[in-house]
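Reading the structure
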Amino acid sequence: MSSADLLGIPPTHLPDDPAASLLDAGVAPDEVAAAHPASSLAWAVLAEDALADDRVVEAYAYARTGYHRGLDALRRSGWRGQGPVPWEHVPNQGFLRALAALSRAAGLVGEEDERHRCAEFLRASSATGARELGL
């Protein structure tokens, strides 16, 4: 049981992301991000693709955008800066993926404090997500 559970902080569940179906249908992530700039998932996919291609600065920028878009969505969904963001709720995965990508990209550009902070934030938000994402 996490400390958030002990404090009685309810989990945050983001609403469905319209970008998910477009990405699933094979629409290019940059087109999806342009059509749905509030989608953490679209930015996370762009970041993950950039990381895979060793485009670290682009990955960092994409991941940071997805992270901030996700924070905005979490706040609109009642999140108050702490508490679980369950991986098991699929719409949360875009934010969690962006957070993981930001941690990785920050480490690659030498921002160790940011890498560590993002990895810890991910683990505190969703232990399952951190395991699924390799952090």
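See above for the structure.
Okay, so let's go over this structure. (Residues numbered from 1 in each chain as written. Predicted model: local features only at pLDDT ≥ 70, side-chain atom pairs only at ≥ 80, totals over all residues. Heavy atoms only, no water.)

1. A look at the layout of surface pockets
Computed from the structure, the largest pocket encloses a volume of approximately 250 Å³. In terms of lining, the largest pocket is formed by 18 residues, of which the most central are Pro-15, Asp-17, Ala-38, Ser-39 and Ala-73. Listing elements by their share of the lining of the largest pocket, those giving two or more residues are helix H4 (40-52), helix H5 (56-76) and helix H6 (93-108). Among the elements that take part in the lining of the largest pocket, H5 stands out by supplying 4 residues, more than any other. Grouping the amino acids of the lining of the largest pocket by side-chain chemistry returns 8 nonpolar, 6 polar and 4 charged. (1 Å grid on protein atoms, 1.4 Å probe; cavity = no way out; pocket = protein on both sides within 12 Å on 5 of 7 lines; lining within 4 Å. Points joined across faces, edges and corners; volume = space filled by probe spheres on them. Helix = DSSP H or I, 4+ residues; strand = E, 2+ residues; numbered from the N terminus. Nonpolar A, V, L, I, M, F, W, Y, C, P; charged D, E, K, R; others polar.)

2. Remarks on the pattern of salt bridges
Tallied over the entire structure, the rule returns 8 salt bridges. Across the salt bridge formed by Arg-75 and Asp-72, the nearest N and O atoms sit 4.0 Å from each other. With Arg-75 and Asp-72 both in helix H5 and 3 residues apart, this pair spans about one turn of that helix. For Arg-75, a relative accessible area of 46% corresponds to the partly exposed category. Put simply, Arg-123 and Glu-120 hold a salt bridge, and the shortest N to O gap is 2.6 Å. (Salt bridge = Lys/Arg side-chain N within 4 Å of Asp/Glu carboxyl O. Buried < 20%, exposed > 50% of the residue type's maximum accessible area, 1.4 Å probe, protein only.)

3. A look at the packing of aromatic side chains
Evaluation of the coordinates by the stated rule reveals 5 aromatic pairs. The interplanar angle of 90 degrees and the centroid separation of 6.2 Å between the aromatic rings of Tyr-67 and Phe-121 together place this pair among those described as edge-to-face. Of this pair, Tyr-67 sits in helix H5 while Phe-121 sits in helix H7 (residues 112-125), and the two are 54 residues apart along the sequence. Look at Phe-121 and you get buried, because its relative accessible area is 17%. Aromatic pair Phe-95 and Phe-121: ring centres 5.9 Å apart, planes at 65 degrees, arrangement edge-to-face. Remark: Phe-121 occurs in helix H7 and Phe-95 occurs in helix H6; sequence separation between them is 26 residues. For the pair Phe-95 and Phe-121, one class covers both residues: buried. (Phe/Tyr/Trp six-rings, centres within 6.5 Å; stacked < 30°, edge-to-face > 60°.)

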